[in-house]
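# Results of the structural survey
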Amino acid sequence: MAPSRALIFLGPPGAGKGTQAKLAAQKYGLAHLSTGDMFRDAIRRGTPLGKKVQPILASGALVPDELVMGMVEERLTQSDCARGFIFDGFPRTLPQAAQLDALLDAKGYGNPLVIEFCVSPEKLLRRLAGRWSCPLCGTIYNEFNAPPKIAGVCDRDGAALAQRPDDRFEVVKDRLAAYERQTLPLSDYYRRRGVLEVIDAGQAVEEVGRQLDSVLRCADGADGRL
Ligand code: AMP
């Protein structure tokens with residue numbers, strides 16, 4: 001079996017990393033590790049971690065690095081990570097990236113492959129503030145470019161669509177500001193190490209998927225690890 005592989009999907013909220021990570025994880029048999037989903041799950045279940053991070057997520061700020069690292073380290077011990085994994089929304093700060101490097105080294109992984117999803121700020125605002133999802137089946141809609149057939153209702157199961165509290169316009173602006181300040185330096189960090197690939201994520205989902213496939217196929221050809 002091919003050795004496992006660590007992929008990192010980098011990009012602002014709304015760049016479509018989550019959608020592409022879900023598709024690629026299925027296609028390549030990797031675990032999809034979204035730190036945002038893990039926090040939302042902890043909040044839903046009312047765990048001690050969930051209680052701590054709930055106000056932080058609601059404000060659009062970043063969770064302190066030590067809480068994120070503890071959660072990620074624990075998650076990597078689970079069996080579905082054995083063939084490799086895609087980080088979606090992690091790392092988000094330079095200290096997280098440095099600690100992840102040490103963690104991957106200790107676990108015997110090589111360099112991660114980092115894919116940056118680039119989109120213009122105007123498109124991001126429209127995508128995020130227009131995003132609604134079905135609380136039952138998870139289908140994501142966008143009132144501007146992928147609306148449901150009936151406004152506010154899921155096409156698949158008829159459930160009332162919900163907006164993530166942090167997708168409200170005022171919070172979206174804070175999340176994009178947090179990204180610029182804390183996460184954008186990560187692309188330089190990984191570019192200098194020669195492990196960064198950039199994708200134009202302003203295109204339709206299928207086209208972004210094609211670009212991603214071709215990057216992953218090249219990486220596979222280069223070192224046969226995917
Ligand atoms: P996301 O779904 O990736 O946009 O994440 C939603 C929220 O979870 C973010 O706005 C942060 O509050 C928190 N979060 C997710 N991942 C991280 C991370 N790697 N570092 C710090 N905070 C995070």
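Throughout this description, residue numbers start from 1 for each chain and increase along the sequence as written. Only residues with pLDDT of at least 70 are given local features in this predicted model, and only at 80 or more are side-chain atom pairs given and counted; all residues enter the totals for whole chains, interfaces and linings. Values reported for side chains reflect all heavy atoms of the structure, with hydrogen atoms and water molecules removed beforehand.

### Details of the overall build of the protein
- Strands are runs of DSSP state E lasting at least two residues, helices are runs of H or I lasting at least four, and both sets are numbered from the N terminus onward. Along the protein, the regular secondary structure elements total nine helices and seven strands.
- With the radius of gyration taken over C-alpha atoms, the globule rule is written as 2.2 Å times the number of residues to the power 0.38. Scaling as 2.2 N^0.38, a compact globule of 226 residues should have a C-alpha radius of gyration of about 17 Å, and the protein matches this with 17 Å.
- Once the C-alpha set of the protein is aligned to its principal axes, its extents read approximately 50 × 40 × 35 Å.
- Each residue gets one of three labels from its accessible area relative to the maximum for its type: buried under 20%, exposed over 50%, partly exposed in between, using a 1.4 Å probe on protein chains only. Put simply, the protein has 226 residues, and 46% of those count as buried.

### Some thoughts on the sheet that holds strand β2 (residues 31-34)
- Two strands are said to pair when DSSP picks up at least two bridges between them. Across the sheet, five strands lie side by side as β2-β3-β1-β4-β7; this open sheet has parallel pairing. Strands at the two margins of the open sheet, each flanked by one partner only, are β2 and β7 (196-200). Strand-to-strand twist across the sheet, computed as the mean angle between neighbouring axes with direction ignored, equals 20°.
- Taken together, the four bridges between β2 and strand β3 (residues 84-88) define a ladder with parallel strand orientation. Across the sheet, residue Ser 34 finds its bridge partner in β3, namely Asp 88.
- Any two residues whose heavy atoms approach within 4.5 Å at even a single point are treated as in contact. Note on geometry: axes are C-alpha line fits, over the in-contact stretch for helices, and angles between N-to-C directions span 0 to 180 degrees. Contacts from helix α1 (residues 17-28) reach β1 (5-10), β2, β3 and β4 (113-118), with the element oriented near 170° to β3.

### Notes on the layout of surface pockets
- Definitions used for this entry: grid spacing 1 Å over protein atoms alone; cavity, a set of points where a 1.4 Å probe fits but cannot get out; pocket, an open set with protein on both sides within 12 Å along at least 5 of 7 lines; lining residue, one with an atom within 4 Å of a point. Grid points are joined across faces, edges and corners, and a volume is the space filled by probe spheres set on the points. Looking at the second largest pocket, its volume works out to about 220 Å³.
- Lining the second largest pocket are 13 residues, and of these Pro 12, Val 119, Leu 124, Tyr 179 and Glu 180 lie nearest its centre.
- When contributions to the lining of the second largest pocket are tallied by element, the ones reaching two or more residues are β4, α6 (121-129) and α7 (169-183).
- Top contributing element to the lining of the second largest pocket by residue count: α7, with four residues.

### Here we look at the environment of Phe 87
- Following the sequence through the fold, Phe 87 ends up in strand β3.
- Ignoring any residue separated from it by four or fewer positions in sequence, one finds Phe 87 in contact with Leu 7, Ile 8, Phe 9, Leu 33, Val 72, Leu 76 and Leu 100.

### Things to note about the pairing of β1
- Counting buried positions along β1 gives six out of six residues, so the element sits mostly inside the fold.
- Residues Arg 5, Leu 7 and Phe 9 point to one face of β1 and Ala 6, Ile 8 and Leu 10 to the other, with burial holding for every one of them.
- Relative to β3, β1 runs parallel, the two being bridged by five bridges. Looking across to β3, one finds that Arg 5 is bridged to Gly 84.
- Of the pairings in the sheet, the one linking β1 to β4 comprises four bridges and is parallel in character. Counted as the bridge partner of Ile 8 is Val 114 from β4.

### Concerning empty space enclosed by the protein
- Considering all chains together, one arrives at one cavity of 30 Å³ or more under this definition.
- Roughly 50 Å³ of internal volume is contained in the largest cavity.
- Forming the boundary of the largest cavity are Phe 9, Leu 10, Gly 11, Lys 17, Gly 89, Phe 90, Pro 91, Arg 92, Tyr 179 and Thr 183.
- Contributions of two or more residues to the lining of the largest cavity are made by β1 and α7.
- Looking at side-chain class alone, the lining of the largest cavity contains five nonpolar, three polar and two charged residues. Just so you know the grouping, Ala, Val, Leu, Ile, Met, Phe, Trp, Tyr, Cys and Pro go in nonpolar, Asp, Glu, Lys and Arg go in charged, and all remaining residues, Gly too, go in polar.

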